[in-house]
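Analysis of the macromolecular model
If you want the building blocks of each chain, they are given just below.
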Protein chains: 2
Amino acid sequence: MARPRKFDETHALTAAMETFWRRGYEATSTRNLSDSTGLGQSSLYNTFGDKRELYLRALRHYYETHTAEQTALLDRPGPAKDRLRDLMVHAVDTDLADPEASGCFTINASVEKADSDDEVREEVRRHFTTVERALAETIARGQRSGEISSERSAGTLARQILSTYYGLRVLARIQKDRDALLGIVESTVSAL
Amino acid sequence: MARPRKFDETHALTAAMETFWRRGYEATSTRNLSDSTGLGQSSLYNTFGDKRELYLRALRHYYETHTAEQTALLDRPGPAKDRLRDLMVHAVDTDLADPEASGCFTINASVEKADSDDEVREEVRRHFTTVERALAETIARGQRSGEISSERSAGTLARQILSTYYGLRVLARIQKDRDALLGIVESTVSAL
DNA sequence: CGTATTTTGGAGCGAGCGCACGGAAACTCG
DNA sequence: CGAGTTTCCGTGCGCTCGCTCCAAAATACG
């Protein structure tokens, strides 16, 4: 009934997400987005709305892919501590392997835009809450099996791990010594 | 021998620091800096060089004031765990009391600009290293007094606390529940 | 095949960006 | 008090920003 699109929306969204992730919101121009997605300006605006809306879409796309990948690591079978260690070691290796050192998009968004944009803040909160809940479930499972002490509540421990985990991802931006980062992971896991 | 300045350089630098801290590098325009410092554009450029140099000056000024304040909290007398708790509780209360929710300038800089600017990265590294070293000294003191187990090295524990501490400051941008944040602090301190 | 509908690419809009410049102003010192 | 020096303020340059618009292109349908 009309001229068909010659691009795949998900591919374009993924490209835009990577650009925002790597460069941040303010440092990314609509020309940058046009280049990385391969779409013309008019196609970008026609498909995704303005720059801010595309950023929100990108953040939600990150949730569905990368945040989901993180919780998937926790949901796998096996000892709870192994699952927690996997999550953190995976983050360390991902961050160190990235030549652009983009870190975690959620954290980046939380630092750059969550203060000034309510919708970004709510989206970031959703990411944080999802990871925290997955951590709490994993820890509760470890407590039921006796692997983890029940002295502190699963909720408190989950928030503690979440905090260490996010701190780790901030540190990994500067500290490239893998052994030092893995030392943090081991120390954290073994303290449970 | 010439016309004297009618502004105080440190005051201007403090104002510029607060603006960069609150808004980030990219979102801050030279007009914003002119407004917040009260200096005209030419005075700004004459005194501090260009925008990037002023940002670096602002980051160094943060080191001399706020990073120094953090390590000062650790250097005070008293039980090591109390010092560590003070540091983190102070950060929580500072972050929650700030209506702008600016967080920690060092972390903000590390997320927004450390990847793309070598000098920013080195400056951020200096902040991280200073806090880590102060943490290690405090922990070593606690280990000598028997207050903290010597099972893990002071260096490893310092990095673990650093990680949790920075994660806490990221979480505090979204999570405004003081009790939840203090729960993380207590759980972290008591696990030592 | 003609018409309606949507997408595409590119030119370009007003605004704001970082930064530079030049003359007036405010001091010190001979 | 005049000469020399530095700071101050306003203007504006060249550029890029986010975004819009329009005609050409590509399909579906009668």
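Everything numeric here is computed off the predicted structure, so don't read it as measured data.

This part is about the overall build of chain A. Within chain A one finds nine helices and zero strands. For chain A, the α and β elements follow one another from N to C terminus as α-α-α-α-α-α-α-α-α. Counting only C-alpha atoms and orienting by the principal axes, one finds that chain A spans roughly 60 × 35 × 30 Å. At a minimum sequence separation of 6, the contacts of chain A that also span at least 24 residues come to 66%.

Contacts between the two partners involve 36 residues from chain A, matched on the other side by 37 residues from chain B. For Asp115(A), the salt bridge goes to Arg173(B), with nearest N and O atoms at 2.7 Å. Remark: the boundary between chain A and chain B carries 15 residue pairs in polar contact (both at pLDDT 80 or more). Counting residues per element, the ones that place at least two in the side of chain A that touches chain B are helix H6 (105-112), helix H7 (118-144), helix H8 (154-171) and helix H9 (178-190) of chain A. Ranked by residue count, the leading element in the side of chain A that touches chain B is H8(A), at 12 residues. A class-by-class count of the residues in the side of chain A that touches chain B yields 17 nonpolar, 11 polar and eight charged.

With numbering matched to this structure, UniProt assigns "domain: HTH tetR-type" (unreviewed entry) to residues 6-66 of chain A. In this annotation, residues 6-66 of chain A is assigned 77% helix and 0% strand; the end-to-end C-alpha distance for the span is 27 Å.

Note on soluble globular proteins: their nonpolar side chains tend to be buried together. Formed by 115 residues in total, the largest nonpolar core has its most connected members in Phe105(A), Leu135(A), Phe105(B) and Leu135(B). In contact with Phe105(A), not counting residues within four places along its chain, are Met17(A), Phe20(A), Trp21(A), Tyr55(A), Ala58(A), Leu59(A) and Tyr62(A).

This part takes up unusual backbone geometry. With the exception of glycine, most residues fall at negative phi, and the peptide bonds are largely trans. Residues and elements named next belong to chain A. For Ala101, which is not glycine, the phi torsion reads 50° and is therefore positive. Positionally, Ala101 belongs in the loop between helix H5 (80-97) and H6. Relative accessible area serves as the criterion here: at 12%, Ala101 is assigned to the buried category.

A separate point is the packing of aromatic side chains. Two descriptors summarise a pair of aromatic rings, namely the distance from one centre to the other and the angle between the planes of the rings. Scanning all chains against the criterion turns up 18 aromatic pairs over all chains. Their ring planes at 90° and their centres at 5.6 Å tell us that Tyr62(A) and Phe105(A) sit as a pair that is edge-to-face. Placement of Tyr62(A) in helix H4 (residues 51-75) and of Phe105(A) in helix H6 is noted, with a sequence separation of 43 residues between them. Considered together, Tyr62(A) and Phe105(A) belong to a single accessibility category, that of buried residues. For the ring pair Tyr55(B) and Phe105(B), a centre distance of 5.8 Å and an interplane angle of 90° mean the geometry is edge-to-face. Taken together, the residues Tyr55(B) in helix H4 (residues 51-75) and Phe105(B) in helix H6 (residues 105-112) connect sequence positions 50 residues apart. On the accessibility criterion, Phe105(B) (1% relative accessible area) is buried. One aromatic cluster is present, built from ring pairs that chain together Phe20(A), Trp21(A), Tyr25(A), Tyr55(A), Tyr62(A) and Phe105(A).

One copy of the chain maps onto the other through a rotation about an axis plus a displacement along that axis. For the pair chain A and chain B, the best superposition has an RMSD of 0.0 Å and corresponds to a rotation of 180° with a translation of 0.0 Å parallel to the axis. The symmetry that links the two subunits is that of a two-fold axis. Most of the interface of chain A is mirrored in chain B: 100% of its interface residues are interface residues there too.

The rules behind these values
- Residues numbered from 1 in each chain as written.
- Chains lettered and ligands numbered in written order.
- Predicted model: local features only at pLDDT ≥ 70, side-chain atom pairs only at ≥ 80, totals over all residues.
- Heavy atoms only, no water.
- Helix = DSSP H or I, 4+ residues; strand = E, 2+ residues; numbered from the N terminus.
- Contact = heavy atoms within 4.5 Å.
- Salt bridge = Lys/Arg side-chain N within 4 Å of Asp/Glu carboxyl O.
- Polar contact = N/O pair within 3.5 Å; in protein donor to acceptor, adjacent residues only side chain to side chain.
- Nonpolar A, V, L, I, M, F, W, Y, C, P; charged D, E, K, R; others polar.
- UniProt positions renumbered as here; feature names shortened; annotations may be inferred.
- Core = buried A, V, L, I, M, F, W, Y, C linked by side-chain atoms within 4.5 Å.
- Buried < 20%, exposed > 50% of the residue type's maximum accessible area, 1.4 Å probe, protein only.
- Phe/Tyr/Trp six-rings, centres within 6.5 Å; stacked < 30°, edge-to-face > 60°.
- Least-squares fit on C-alpha atoms with pLDDT ≥ 70 in both.

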